[in-house]
Amino acid sequence: QWSITDFEIGKPLGKGKFGRVYLAREIKSKYIVALKVIFKEQIEKYRLHHQLRREMEIQTSLRHPNVLRLHGWFHDAERIFFILEYAHGGELYKELRKSGHLSERQAATYIASLTQALAYCHEKHVIHRDIKPENLLLDHEGRLKIADFGWSVQSKSKRHTMCGTLDYLAPEMVENKAHDYAVDNWTLGVLCYEFLYGAPPFEAESQKDTFRRSNTNESTKRKKAAASNNLDKSKQ
Ligand code: ADP
Ligand code: MG
Ligand code: MG
C-alpha cells in the first residue's frame, strides 16, 4: 500500500553489500524511518530472492526492544524498499572505533541486551548468523538493536550454508559442518572480547590465519590444515 511518493528522503545513513539506507519521513504522519533500498537488478544478478524473502518475513515477525523493527516494504519497477525503525545512534562499530574500546559497564550493558535479543530470536527458532558490530545499531537512547537479517533463517533443524563474517565465525561454520543457533552465541564471546579490548580475538592478516586461530581444538587440527591447504590452492 506504500509507495516512494509517501516519503521525503533525507541523508544517507549507511551502505551494505546490496542495500543503501536513507533517513526518510512519511509525509502524512511525519513519522521518521530508515528506508533500505535494494535494486532488483542486484537481486537477479546474485540470485538473492530467497534470502531477501527470509529477511522480510523473519524481521517483520520479530517484536523485541533490542531487535530493529521492519515496519513493512514496497517496491517499484527497479527497487525494493524496506521501511525500518530508525536507529539514530548508528552502528556500534563506529562507536567502538571512535573510542578504541568500551568501559566494562558499557560492554556489559550491550552484551546483556544482545543476549536478551538472541534468546528471544532463538526461542522463535530464528538464527541471525551475521552478528557483528556493523549490524548492531543504537537508537537515540543508546539502546542496542540487532539489524540486517539478510543471513537469518527460521528452522528447527541444523543448517548447512556457510555464511557470516570471518572474524565472528563459529568453529563449526569454519569447518563447513552443520550448525544451529549456537553460532550466534559464539559471537557473544567474540564481541565481549572486542568491546573490552578493541579488536576481535581471532583477527589476523589473512583468512587462513583467522581460520586457524578461531579453533585450537586438537581433534580438528588436521581438518583445519586441510582447509588452509585448499584455500591456498584455490588462491594459486
Ligand atoms: P546490508 O544488508 O547491505 O549489510 P544493512 O541492513 O546492514 O545492509 O544496512 C547497511 C548499513 O546502513 C548499516 O550497517 C548501518 O550503518 C546503516 N543502517 C541500516 N539500517 C539502519 C537504520 N534503521 N537506522 C540507521 N542506520 C541504518
Ligand atoms: Mg549489514
Ligand atoms: Mg544484509
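About the criteria used
- Residues numbered from 1 in each chain as written.
- Chains lettered and ligands numbered in written order.
- Predicted model: local features only at pLDDT ≥ 70, side-chain atom pairs only at ≥ 80, totals over all residues.
- Heavy atoms only, no water.
- 1 Å grid on protein atoms, 1.4 Å probe; cavity = no way out; pocket = protein on both sides within 12 Å on 5 of 7 lines; lining within 4 Å.
- Points joined across faces, edges and corners; volume = space filled by probe spheres on them.
- Helix = DSSP H or I, 4+ residues; strand = E, 2+ residues; numbered from the N terminus.
- Nonpolar A, V, L, I, M, F, W, Y, C, P; charged D, E, K, R; others polar.
- Donors = N, O, S within 2.8 Å, 3.2 Å for Na, K, Ca; no water.
- Buried < 20%, exposed > 50% of the residue type's maximum accessible area, 1.4 Å probe, protein only.
- Salt bridge = Lys/Arg side-chain N within 4 Å of Asp/Glu carboxyl O.
- Near = heavy atom within 4 Å.
- Polar contact = N/O pair within 3.5 Å; in protein donor to acceptor, adjacent residues only side chain to side chain.
- Areas by Shrake-Rupley, 256 points an atom, 1.4 Å probe, with all protein chains shown as cover.
- Sits in = over half its atoms within 2 Å of the grid points.
- Pairing = 2+ DSSP bridges.

1. Remarks on the layout of surface pockets
Of the volumes computed, that of the largest pocket is approximately 1200 Å³. Breaking the lining of the largest pocket down by element, the ones donating at least two residues are β1 (7-15), β2 (19-26), β3 (32-39), α2 (49-61), β6 (90-91) and α3 (92-99). A breakdown of the residues in the lining of the largest pocket according to their chemical character gives 16 nonpolar, 11 polar and 14 charged. If you add up the space inside the second largest pocket, you get close to 190 Å³. Residue lining of the second largest pocket: Lys 40, Ile 43, Glu 44, His 49, Leu 52, Arg 53, Met 56, Trp 73, His 75 and Ile 80, and that is the complete set. Those elements giving two or more residues to the lining of the second largest pocket turn out to be α1 (40-45), α2 and β4 (70-75). Of all the elements, α2 adds the most residues to the lining of the second largest pocket, at 4 residues. Along the lines of polarity and charge, the residues of the lining of the second largest pocket split into 5 nonpolar, 2 polar and 3 charged.

2. Focus: the coordination of the magnesium ion (ligand 2)
Every protein donor of the magnesium ion (ligand 2) is listed here as Asn 135 (OD1) and Asp 148 (OD), and their distances to the metal cover 2.1 to 2.3 Å. The distance between the magnesium ion (ligand 2) and the magnesium ion (ligand 3) comes to 4.4 Å, with Asp 148 serving as a donor to both metals. With Asn 135 in the loop between β7 (126-127) and β8 (136-138) and Asp 148 in the loop between β9 (144-146) and β10 (153-154), this residue pair connects regions lying 13 residues apart in the sequence. Exposure remark for Asn 135: the relative accessible area of 7% places this residue in the buried category. You can call Asp 148 partly exposed: its relative accessible area is 26%.

3. So, unusual backbone geometry
Notably, Arg 47 is not glycine yet its phi reads approximately 50°, a positive angle. The backbone of Asn 176 shows a phi angle near 60°, a positive value even though the residue is not glycine. Positionally, Asn 176 belongs in the loop between α5 (171-174) and α6 (182-197).

4. As for the pattern of salt bridges
Per the stated rule, a full pass over the model turns up 11 salt bridges. The salt bridge involving Arg 79 is made with Asp 76; its shortest N-O contact spans 2.7 Å. A salt bridge links Asp 180 to Lys 158; the shortest N-O distance between them is 3.8 Å. Separated by 22 residues along the polypeptide, Asp 180 in the loop between α5 and α6 and Lys 158 in the loop between β10 and α5 bring together distant segments of the chain. Ionic contacts of the salt-bridge type, sharing partners, join the residues Lys 36, Glu 55 and Asp 148 into one network.

5. Things to note about the site of ligand 1
The environment of ligand 1 is made up of 20 residues, and the closest members are Gly 16, Lys 36, Glu 85, Glu 91 and Asp 148. Between ligand 1 and Phe 18, the relevant distance is 3.5 Å, taken from an oxygen atom to a main-chain nitrogen or oxygen of the residue. A distance of 2.4 Å separates an oxygen atom of ligand 1 from a polar atom in the side chain of Glu 91. The fraction of the free accessible surface of ligand 1 (560 Å²) that becomes covered by protein chains is 91%. Among the cavities detected, the one that contains ligand 1 is the largest pocket.

6. Re the pairing of β3
Counting buried positions over the 8 residues of β3 gives 6, a clear majority of the element. As paired strands, β2 and β3 are joined by 7 bridges and run antiparallel to one another. Each bridged residue has a counterpart across the sheet, and for Leu 23 the counterpart in β3 is Ala 34. Here β2 folds back onto β3, and the loop between the two strands holds 5 residues, one of which, Lys 30, carries a positive phi near 65°. Note that β3 and strand β5 (residues 79-84) share 6 bridges and pair antiparallel.

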